[in-house]
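These are the residues of each chain, in order.
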Amino acid sequence: MLRAAHRPQETTGPIEALKALETRLRWLSSWTIHNANQLRDSRDGLKVGGHQASCASMTAIMSALYFHALRPKDKVAVKPHASPVLHAIHYLLGNQSLDQLQRFRGLGGAQSYPSRTKDRIPVDFSTGSVGLGVAITAFASLVQDYLIAHGQMAPADAGRMIALMGDAELDEGNIYEALIEGYKHDIRNCWWIVDYNRQSLDATTADRMFTRFDDIFRTCGWRVLTLKHGKLQKAAFARPGGKGLETWIDTCSNADFAALTYQGGAAWRERLLRDLGSNGPTAELLATYDDEALASLMTNLGGHCVETLIEAFDEAAGEEPTLFIAYTVKGYGLPFAGHKDNHSGLMNPGQIAAFRASLGIAEGQEWDPYGGLGDNAAATLRAFVETSPLAAAPGEPVAAPVPVPARLAPPEGQEQSTQTAFGKILLDLAKSGEPIADRIVTTSPDVTVSTNLGGWVNQRGLFRRAELKDVFHAAKIPSAQRWAGHGAGQHLELGIAENNLFLALAALGLAAPLFGARLLPIGTVYDPFIARGLDALNYGCYQDSRFLLVATPSGVTLGPEGGAHQSINSPLIGMGQPGLTYFEPAFVDELAVLMRWAFEHLQAPDGGSVYLRLTTRVIDQVPRADTAWEADALKGGYWLKPPGGTATAAIVYAGAIAPEALAAWEALSDDLPGLGLLAVTSPDLLHRGWSARQANRWTGGAREVSHVEHLLGALSPDAGLVTILDGSPSTLSWLGGVRGMRVSPLGVDRFGQTGDLPDLYRTYRLDADAILDAAAELFLGA
């Protein structure tokens, strides 16, 4: 039996229209999920899912937001489990097709969670990994302020960055990391709207959290608007006996409220009379409601009351960041409303049929956008939707490309590290007057100096909406860092939270499609600590955000600081992360070529983000006869020492280990005539090209020889390879599978310890002697 009445509503005014839309969205989202689970053929027998209860708690909020409060420039991150509601909204707007809805959670259909890259409807921010879609809106508001301060966006075009979240997302620590960072940067134009249904997958929310969220957010400078009671409840509270009812509701535990909601009107009445007494004004008040009306009254929470919602949205004028805590019932209006197991609950055929009948929708007309309303009501509601500001919202803007210089000059010097060279190249750009320099924005989680961004910041400044003076500089205290903060600054200084780094990069990298102004974000981090923000890194890449990640130092080059500051598997992360191209240059001229390529790749229609794994290790630079090597380096690798004839051996290296590879090559070249030395600049690109060629066997694509096949084709088919890098040996050991060659892989495959490089390289078999031993075993049978 349905727990609340569903009657077709007249749509004579905006309030009535929004109420009708709320019911319509609840139906369409429920039916879309029902179709995917109960009606569509199931070839594997697996449950499709779709979260009918989580959708039902959001329909009023999303009706009032999308068809009343949203302005054309506002951007919204939708609660992942409310995705079917978003699809239903765009179905009514004509942006979503029936075919997509019918294939919800199927191949090529509407996605489980809102996706910028996979869905066909407009999606501002992808969501899915809970908490991240909330936090990115704080950084998007910061990006909007940055663009306005730099004259790349008109102040009149500012919108609100809005997150719709489930209350269980408030358990995610990344939200509070972002909240603190937002407070530091005085963010504005940010709304977070909490669907406070007080139920998660496993449990109801702890009662003691009732007031804590208010305190936390107000402490961080947010306005907090709590929408606990709807208009029906407030009217009842104003009647004789209403105060007692209000007090009872406000002190009722979350678990009790959920259980009574599921049990319905009779259970509500029995419990209220037991707690408040069967005589007196409150009992008389309750007697004026039948069971159905009493159930409706008790669940008339602020998050389900359209009038309450639009009043709150209208009240939140101005730029102050605002948290809306909208009390709701999980599964509102559905037969399992309030049940503790309803998170994954699905209506059975009888229940969905009863729901359909309550709306007057004829069987077979379930997909009719305005089915069951009657011609006049349907026409009125259709006109309301079609004339809403949302219907006229512009599409995503197109940002003009930023010109990239023909070459980036590598720093001069015989002995250099790639980390230091990176800082020098950026500093040269900062001084160059090139247009690209004005579009670069850098950021780092409290390691700006130790990742060599200091010179860039000295030249370009910190970004602050309010001026921040360099007190040490003003006092004439000597310091290498002269960091004044102002609106024209181009470095976002972040606290030591890597998750915030990747969310900031994701937001900056979406500036072009979100705001129509292209930025070229560069974020620096210690290579081993990529893992701290891996979920957020994946999140940014999933929605095709474009940024340059510079991770340094890498490998064991921070030896004296111990194993916690040494990276092992980060190359495998770079190879395995879609949307991210990983490079590991050894020499500074390689770095200059790769950085220039990265700036173009960030802007290319088929481009993506780029990860540079750099090092603090200073090494001798190699002389170059010409630039012929560059094209191959951009494809992933080139022969630093080309093999001679039909060579039967090669040493293959990547990154900082180049000196050991060169020393071993020189020691072995007399014993192994024609020995080659292969410099791998991107294991990622080499593997990607080879994998694509393999896949084309079955997909019918072009089967051009991949770059790695071309490189290894210079060797005899029975050749052997010694592979080595300052990272996981798996990064390069796969090369043996390309042409069936024997491989002896060297690298780091266990946690490190303190020590200097000679000791560590010897301990972990990364030195020239280790290469010689591997070669003797592989090539000479020793």
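What counts, and where the lines are drawn
Here the residue numbers are simple positions, counted from 1 along each chain's written sequence. In keeping with the model being predicted, local features are shown solely for residues with a pLDDT of at least 70 and side-chain atom pairs are shown and tallied solely at 80 or more, while totals for entire chains, interfaces and linings include all residues. To get the side-chain values, all heavy atoms of the structure are used, and hydrogens and water are removed first. Working definition: with a 1.4 Å probe on protein chains only, accessible area under 20% of the residue-type maximum means buried, over 50% means exposed, and in between means partly exposed. Helix and strand definitions follow DSSP, with helices as H or I runs of at least four residues and strands as E runs of at least two, each counted in order from the N terminus. Orient the strands so they point away from the viewer, and a crossover whose first-strand-to-second-strand path over the helix runs clockwise is right-handed. Being paired, for any two strands, means DSSP has found at least two bridges between them. To count as a disulfide, a pair of cysteine sulfur atoms needs to be within 2.5 Å. Between N-to-C directions, angles span 0 to 180 degrees; the directions come from axes that are lines fitted to C-alpha atoms, helices contributing only their stretch in contact. Working rule for contacts: check all heavy atoms of both residues, and any pair within 4.5 Å makes them a contact. By salt bridge we mean one thing: a side-chain nitrogen of Lys or Arg within 4 Å of a carboxyl oxygen of Asp or Glu.

Engineer: Is there a simple way to explain the pairing of strand β3 (residues 190–196) in this structure?
Structural biologist: Remember that side chains alternate between the two faces of the sheet whenever the strand is regular. The buried fraction of β3 is high, at seven of seven residues. By the alternation rule, side chains of β3 split into C190, W192, V194 and Y196 and W191, I193 and D195, which are all buried. In this view, the connection linking strand β2 (residues 161–166) to its parallel neighbour β3 by way of helix α7 (residues 173–184) has right-handed handedness. By the bridge criterion, six bridges tie β3 to strand β5 (residues 322–327) in an arrangement that is parallel. When the sheet's bridge partners are listed, I193 is paired in β5 with F324.

Engineer: Would you explain the state of the cysteines in this entry?
Structural biologist: When the sulfur atoms of two cysteines share a covalent bond, that bond is a disulfide. Counted according to the given criterion, the structure contains zero disulfides. Free cysteine C252: the closest other cysteine sulfur is in C305, separated by 20 Å.

Engineer: Explain the sheet that holds strand β4 (residues 223–227) to me, please; I cannot follow it from the model alone.
Structural biologist: The strands making up a sheet associate through hydrogen bonds between their backbones, and the pairing can be parallel or antiparallel. The strand order across the open sheet formed by five strands is β1-β2-β3-β5-β4, and the pairing between neighbours is parallel. In this open sheet, the two strands that pair with only one neighbour each are β1 (75–77) and β4. Taking each pair of neighbouring strands and ignoring which way they run, the sheet shows an average axis angle of 15°. Alignment of β2 against β3, held across six bridges, turns out to be parallel. Among the inter-strand pairings, I162 is bridged to a residue of β3, identified as W191. Along the sheet, helix α6 (residues 132–149) makes contact with β1, β2 and β3, crossing β2 at roughly 170°.

Engineer: Is there a simple way to explain the environment of A255 in this structure?
Structural biologist: Positionally, A255 belongs in helix α11 (residues 254–263). The exposure class assigned to A255 is partly exposed, which follows from its relative accessible area of 41%. Placed 83 residues apart in sequence, A255 and G338 show a C-alpha to C-alpha distance of 8.9 Å.

Engineer: Is there a simple way to explain the pattern of salt bridges in this structure?
Structural biologist: Once the charged atoms of two side chains with opposite charge are near each other, the side chains can pair. Within the structure shown, the criterion is met by 41 salt bridges. Notably, a salt bridge pairs R188 with D145, separated by 2.8 Å at the nearest N-O pair. One end of the pair, R188, is in the loop between α7 and β3; the other, D145, is in helix α6, with 43 residues separating them in the sequence. Classification of R188 as buried rests on a relative accessible area of 18%. R464 is the partner of E493 in a salt bridge, and the nearest nitrogen-oxygen pair spans 3.3 Å. A residue pair is termed long-range when its members are at least 10 positions apart, and E493 in strand β10 (residues 491–494) and R464 in the loop between β8 (462–463) and α21 (471–474) qualify at 29 residues.

Engineer: Before we go on, may I ask you to explain the sheet that holds strand β19 (residues 715–725) in this structure?
Structural biologist: The five strands are arranged β16-β18-β17-β19-β20 in an open sheet whose pairing can be described as mixed. Because the sheet does not close on itself, it has two edges, and the strands there are β16 (637–641) and β20 (742–746). Strand-to-strand twist of the sheet, defined as the mean angle between neighbouring strand axes without regard to direction, takes the value 25°. Relative to β19, strand β17 (residues 647–654) runs parallel, the two being bridged by seven bridges. Each bridged residue has a counterpart across the sheet, and for A654 the counterpart in β19 is L725. Here helix α34 (residues 768–779) sits on the sheet and contacts β17, β19 and β20; the angle it forms with β19, its principal contact strand, is near 155°.

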